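Architecture and fold: a report
Each chain, written out:
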Amino acid sequence: MNFFLFSIFLILAIIFFPYFYSSFKLINPSKIIKPDHGKFAELKNGNIFYQEFSSDNPVGQIVVLVHGFSTPSIVWKGIVPFLTDAGYDVVSYDHYGRGFSARPKVDYTKDFYISTLLELIDYLKIEQKVHLIGYSMGGPIVGYFANEYPNKVESVNFIAPAGYMFKRKPQSNFYLKILSLPFVSKYISVVFPSLMYGGNSSIELSTDEDENRLSQDELKKIYKEQMRYEGFTRSLISTAKNFNLFNTQKMYQELGKKKIDASVIWGD
């Protein structure tokens, strides 16, 4: 009997010690320090970290960059110089839960991402139509936004957009159901913040010939920094649960009927 109780105690200790240890290490997101190279937009759900890049030879048009599922806006570093050289003014920002933005405890739905983008545009007092560029999950965000606010959009541009993984709704979502259990999601978000998309980020950079490239070391540093704050993995789990990233073809079809210039980039 004593051996049985000891075994139970040992198992519980193995399970809960990492949780309490990791909880102690995580930093309250209210203590996120703004880097000198960007600004905070004080929106209703907390601060959004953003950067503005001005062209030396402006053509009077603005590009807004919308990043993907887990890697924050630093991923656009190698692209921004090409846009500013072409005369565009550029805005990039970190989604809530990522990078240096706040980690609100809300459902990360498509409407949440759309309203955040709208609020940021209004905060920056951008009254003209903007060019939107979204990659991966940023693609559906850009598409849904353009469908709802076509009068604010000059063009939509997609880089490997999410939403084409299934021709119909996947039958098996057992993994997401497990992640949705309150205790499981809380445990994972604290003990395994790198479970979704890896602690060193899932993106391997190989464009050594690009002098503007984001280095692998810099990407890992930023990724590691965003994981220090509570709420990173929580935002990913909530997004996976509440934002359909697998089948958004209906949205793209509706967008295709609108008179909005569009481009799509796919590649190996």
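So, a few notes on the structure that sits alongside this text. (Residues numbered from 1 in each chain as written. Predicted model: local features only at pLDDT ≥ 70, side-chain atom pairs only at ≥ 80, totals over all residues. Heavy atoms only, no water.)

Right, let's get into the nonpolar core. Grouped together as the largest cluster of nonpolar side chains are 43 residues, with contacts concentrated most on Val64, Tyr93, Leu117, Leu120, Leu132, Phe145 and Val156. Per-element accounting of this core gives the leading share, seven residues, to helix H3 (residues 110-123). Setting aside anything within four residues of it in sequence, one finds Leu117 in contact with Val64, Val66, Tyr93, Leu132 and Phe145. In terms of nonpolar packing, the next biggest core, distinct from the first, is built from nine residues, Phe100, Leu214, Ile222 and Tyr229 among them. (Core = buried A, V, L, I, M, F, W, Y, C linked by side-chain atoms within 4.5 Å. Buried < 20%, exposed > 50% of the residue type's maximum accessible area, 1.4 Å probe, protein only. Helix = DSSP H or I, 4+ residues; strand = E, 2+ residues; numbered from the N terminus. Contact = heavy atoms within 4.5 Å.)

Let us now look at the sheet that holds strand E6 (residues 153-159). Across the sheet, seven strands lie side by side as E1-E2-E4-E3-E5-E6-E7; this open sheet has mixed pairing. Either end of the sheet is taken by a strand with one partner, and the two such strands are strand E1 (39-43) and strand E7 (261-265). The mean inter-strand angle of the sheet, taken between neighbouring strand axes irrespective of direction, is 25°. As defined by bridge partners, strand E3 (residues 62-66) adjoins strand E5 (residues 130-135) across four bridges and the pair is classed as parallel. (Pairing = 2+ DSSP bridges. Axes fitted to C-alpha atoms, helices over the stretch in contact; angles between N-to-C directions.)

Looking at helix H9 (residues 249-256), one finds that the buried residues are Met251, Tyr252 and Leu255. Burial along H9 is one-sided: seen end-on, the buried residues are contained in an arc of 100°. Of the exposed residues in H9, those oriented more than 90 degrees away from the buried face are Lys250, Gln253 and Gly256. Check the buried side of H9 and you find it contacts helix H4 (138-148) and E6. (Arc of directions from axis to C-beta.)

Turning next to the packing of aromatic side chains. For the structure on display, the rule yields 12 aromatic pairs. Pairing Phe158 with Tyr252 gives two aromatic rings, centres 5.5 Å apart and planes at 90°, and the pair type is edge-to-face. Taken together, the positions of Phe158 in strand E6 and Tyr252 in helix H9 put the pair 94 residues apart, joining distant regions of the chain. Each member of the aromatic cluster is reached from another via a ring pair, and the members are Tyr96, Tyr108, Phe112, Tyr113, Tyr144 and Phe243. Lying across the ring of Phe69, Arg98 places its NZ or CZ 5.9 Å from the centre. (Phe/Tyr/Trp six-rings, centres within 6.5 Å; stacked < 30°, edge-to-face > 60°. Lys NZ or Arg CZ within 6 Å of the ring centre and 35° of its normal.)

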